[in-house]
Amino acid sequence: MRYEFGAELAQRDGIDVHVHIECSDHGHASLPQALTDASAKYFKAEDRSPSLDTIAERYREWNLAAVVFTVDATTALGHEPNSIEEIAEGAARNNDVLIPFGSVDPLQVPQAVERARQLVEEFGVKGFKFHPSLQGFDPSEEKYYPIYEAIQELGVPALFHTGQNGMGAGLPGGYGIKLGYSNPLLLDSVAADFPNLQVIMAHPSVPWQDEANSIATHKANVWIDLSGWSPKYFPESLVRASNSMLQDKVLFGTDYPLITPQKWLGAFEQQRFKDQVKPKILKGNALRLFGLGELQEPYEPSEGGAVVAAKKYAAEKAAQAQKVERA
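Residues numbered from 1 in each chain as written. Predicted model: local features only at pLDDT ≥ 70, side-chain atom pairs only at ≥ 80, totals over all residues. Heavy atoms only, no water.

Quick notes on helix α12 (residues 278-289)
Part 1 of the reasoning: If you check α12, its first and last C-alpha atoms are 16 Å apart, about what twelve residues at 1.5 Å a residue would give, namely 16 Å.
Part 2 of the reasoning: Burial runs high along α12: ten of the twelve residues are buried.
Part 3 of the reasoning: For α12, every residue scored as buried is listed here: K278, P279, I281, L282, K283, G284, N285, A286, L287 and L289.
Part 4 of the reasoning: Following α12 by one or two positions, G291 adopts a phi angle in the positive range, close to 70 degrees. (Helix = DSSP H or I, 4+ residues; strand = E, 2+ residues; numbered from the N terminus. Expected span 1.5 Å × (residues − 1). Buried < 20%, exposed > 50% of the residue type's maximum accessible area, 1.4 Å probe, protein only.)

This is the structure:
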């Protein structure tokens, strides 16, 4: 079954562009157990590996859409990923809420190029996820350019992990995972040399946030997703840029199941994002990225969805804080 965008996607209250499928339908884990355990401890995740169909059910209940993926780090980790074909097929049967991304092992360049073409042409994936630290490669090296060239020709975006890494956190030597590969500056040459490739820098890029802001400001084909951190911990420079020159290039993302939409959205409502910018981040920018149309004004999230629940939660917290101050 080849994936096609579902008509309902544009009706959701938001599009979460960063959701992990950590376990296949047959129980195969996407990562070695040591990394799964370390990341669960780092993020304090409660439900570490829900199935794809469970994720679809939850996002449907929250009236959100989600981009779902795994990471192919076969060479670097010596561990086979869970099936990307299965993810694409699962998204196809849940295309009212899910959008599948593929992944290729960059350390297997010729095979990765063919694999990318197969995943788009035969299975309909709508983008690719890279994790330079986990996959063990410097994304700026030209030997990987054939992969980017193929993805650019296929007309889908490439999402790269940037910044601090929860994978391997707290383990001896960080499990051998090198943070430097996730410096966003390494993506500047990729964006420059492939101007028609839409590059998404995932996460607040701590400790390199200013570099990420600069690249996204300079390169029209570079975006930032806000996943992996609670908005209450966002660097001030990122909030400031998101409210001004980057307001049309910043994307809602959680890193679910590591961070739930409820926690992320609740903190987002309490952060200093302008009211006119919030709908762009939650939905409008992703609609443009995926060619799903423009944000309809006024933006009115559904009463039963997670966005409205987060607004109510934030209002209640603000009211409680005022009572404490008056007391």
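Describing the sheet that holds strand β4 (residues 128-130)
Part 1 of the reasoning: Spatial strand order, β4-β5-β6-β7-β8: five strands in an open sheet with parallel pairing. With one partner strand each, in any of the chains shown, β4 and β8 (250-251) form the two edges of the open sheet.
Part 2 of the reasoning: Pairing analysis gives three bridges linking β4 to strand β5 (residues 158-161), with the strands arranged parallel. Counterpart to F128 in the pairing with β5 is A158. (Pairing = 2+ DSSP bridges.)

Here's the deal with the environment of N82
Part 1 of the reasoning: Following the sequence through the fold, N82 ends up in the loop between α3 (74-77) and α4 (84-93).
Part 2 of the reasoning: For N82 and L31, which are 51 residues apart along the polypeptide, the C-alpha to C-alpha distance reads 8.5 Å.
Part 3 of the reasoning: Sequence-distant contacts of N82, that is, excluding residues within four places in its chain, are made with I21, E22, C23, S24, H28, S30, T70 and I87. (Contact = heavy atoms within 4.5 Å.)

Focus on the packing of aromatic side chains
Part 1 of the reasoning: Applying the stated criterion to the full structure yields 20 aromatic pairs.
Part 2 of the reasoning: Between F252 and W264, the ring centres sit 4.9 Å apart and the planes meet at 50 degrees, which makes this aromatic pair tilted. Placement of the pair is F252 in the loop between β8 and α11 (261-270) and W264 in helix α11, with a sequence separation of twelve residues.
Part 3 of the reasoning: Given the relative accessible area of 0%, F252 is considered buried.
Part 4 of the reasoning: W264 sits in the buried class, given a relative accessible area of 0%.
Part 5 of the reasoning: Its end group placed over the ring of F5, K126 keeps NZ or CZ at 4.8 Å from the ring centre. (Phe/Tyr/Trp six-rings, centres within 6.5 Å; stacked < 30°, edge-to-face > 60°. Lys NZ or Arg CZ within 6 Å of the ring centre and 35° of its normal.)

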